[in-house]
Every structure is written in C-alpha cells, then in structure tokens.
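# Residue-level structural notes
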Amino acid sequence: MSKNRQQLANKALSILKVTQTGQQADAEDYAIANDDIDGMIDDIETRDIYGVTDLSFIDDQAFLPLAQILAQRISEEFGAVRDETKILSAELKLRELSDPNYLDKTVQQDYF
C-alpha cells in the first residue's frame, strides 16, 4: 500500500518526535515539513538517487528513507541536530531501490 505526501510530512515530524506516531501535526509544524518536500525530491532526483513520479503514491519501500531524509533536512527548525549519517544511509537505501545492482557494480579502472 503506497503512502502520500501528507503521510510523508507527518512521518518526518514523528521521527523528530514533534508528534507522536499516528498523530496529526499542528498546521505550523506540518507546513515546515510540507514546504521542504519538493526541494528534497528535486535534490535526490538531480543527484540521480531516486525518482519520485507522484507524491500521491510513494512506494512503501521508499517511504521511510524519504521520511528520514526529510526529517534530517528540517531538524534544525525543531531544535534537533542534523545527522548526516542518517541522510547518507537513507540515500543508499534509495539508490539500492532504484538500481538493485548498485552495490555490486565494479569500478572500471584505466591503466596507463
């Protein structure tokens, strides 16, 4: 079952413990998370990490990594420290989803 943009924003806020799991965020907190979603998606698509074609139908496997990235991007707005390790881990998961052989690729070297 796919997730949507509203669920993504609420999950990011839940990760930051701004809301409890399953609770709706207040309008101001939700706006902070929602307003950053498009920028996050543009960033991961520009860097060829993962493509999201429709924010109304977010793949279940991509949902948590996307929520983690969003949470870390907005963390400072809520007094939390941004954790780059969590971002990199989530990006790796998204890369694996978009290319299952991502970690198995070998690097071709040129010898002179």
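In what follows, the accompanying structure is described. Being a predicted model, the structure only gives us computed values, none of them experimental. (Residues numbered from 1 in each chain as written. Predicted model: local features only at pLDDT ≥ 70, side-chain atom pairs only at ≥ 80, totals over all residues. Heavy atoms only, no water.)

Next up on the list: the packing of aromatic side chains. Pairs of aromatic rings are described using the distance from one ring centre to the other and the angle between the two planes. Counted according to the given criterion, the structure contains zero aromatic pairs. The side chain of Lys-3 reaches across the aromatic face of Phe-63, ending 5.7 Å from its centre. (Phe/Tyr/Trp six-rings, centres within 6.5 Å; stacked < 30°, edge-to-face > 60°. Lys NZ or Arg CZ within 6 Å of the ring centre and 35° of its normal.)

Moving on: the pattern of salt bridges. On inspection of all chains with the given rule, the structure shows five salt bridges. The shortest N-O distance in the salt bridge between Asp-36 and Arg-73 comes to 2.6 Å. Here Asp-36, found in helix H2 (residues 27-46), pairs with Arg-73, found in helix H3 (residues 60-74); they are 37 residues apart in sequence, far enough to count as distant. For Arg-47, the salt bridge identified is with Asp-43, shortest N-O distance 3.0 Å. Its relative accessible area of 36% is what places Arg-47 among the partly exposed residues. Connected through salt bridges with shared partners, the residues Asp-43, Arg-47 and Glu-91 form a single ionic network. (Salt bridge = Lys/Arg side-chain N within 4 Å of Asp/Glu carboxyl O. Helix = DSSP H or I, 4+ residues; strand = E, 2+ residues; numbered from the N terminus. Buried < 20%, exposed > 50% of the residue type's maximum accessible area, 1.4 Å probe, protein only.)

Within the secondary structure, Asp-29 is located in helix H2. Despite its burial, Asp-29 pairs with no opposite charge; the closest candidate is Lys-17, at 15 Å N-O. With residues near it in sequence (within four places) discarded, Asp-29 still touches Leu-13, Val-18 and Phe-78. (Lys, Arg positive; Asp, Glu negative; His and termini not counted. Contact = heavy atoms within 4.5 Å.)

Okay, the side chain of Asn-10 next. Among the secondary structure elements, Asn-10 is positioned in helix H1 (residues 5-15). On the accessibility criterion, Asn-10 (10% relative accessible area) is buried. A polar atom in the side chain of Asn-10 sits 3.5 Å from the backbone nitrogen of Ala-25. Beyond its immediate chain neighbours, meaning those up to four positions away, Asn-10 contacts Thr-19, Gln-23, Gln-24, Ala-25 and Tyr-30. (Polar contact = N/O pair within 3.5 Å; in protein donor to acceptor, adjacent residues only side chain to side chain.)

Moving on: H1. Along H1, the residues that are buried comprise Leu-8, Ala-9, Asn-10, Ala-12, Leu-13 and Ser-14. Buried positions along H1 lie against H2 and H3. For H1, the N-terminal capping position is held by Asn-4, with its side-chain oxygen 3.1 Å away from the main-chain nitrogen of Gln-6. Taken from the residues just after H1, Lys-17 is the one with a positive phi, measuring 65°.

Right, let's talk about H2 for a bit. Spanning 20 residues, H2 covers 29 Å between terminal C-alpha atoms, matching the ideal 28 Å at 1.5 Å per step. Of all the bends found along H2, the most pronounced is centred on Ile-37 and spans about 30°. Within the sequence span of H2, burial applies to Asp-29, Ala-33, Asn-34, Asp-36, Ile-37, Met-40, Ile-41 and Ile-44. On the buried face of H2, the contacting elements are H1, H3 and helix H4 (84-98). Capping the start of H2, Asp-26 holds a side-chain oxygen 3.2 Å from the backbone nitrogen of Glu-28, two or three residues further along. Just downstream of H2, Asp-48 is the residue with a positive phi angle, here 55°. (Expected span 1.5 Å × (residues − 1). Bend = angle between axes of the 7 residues up to and from the residue.)

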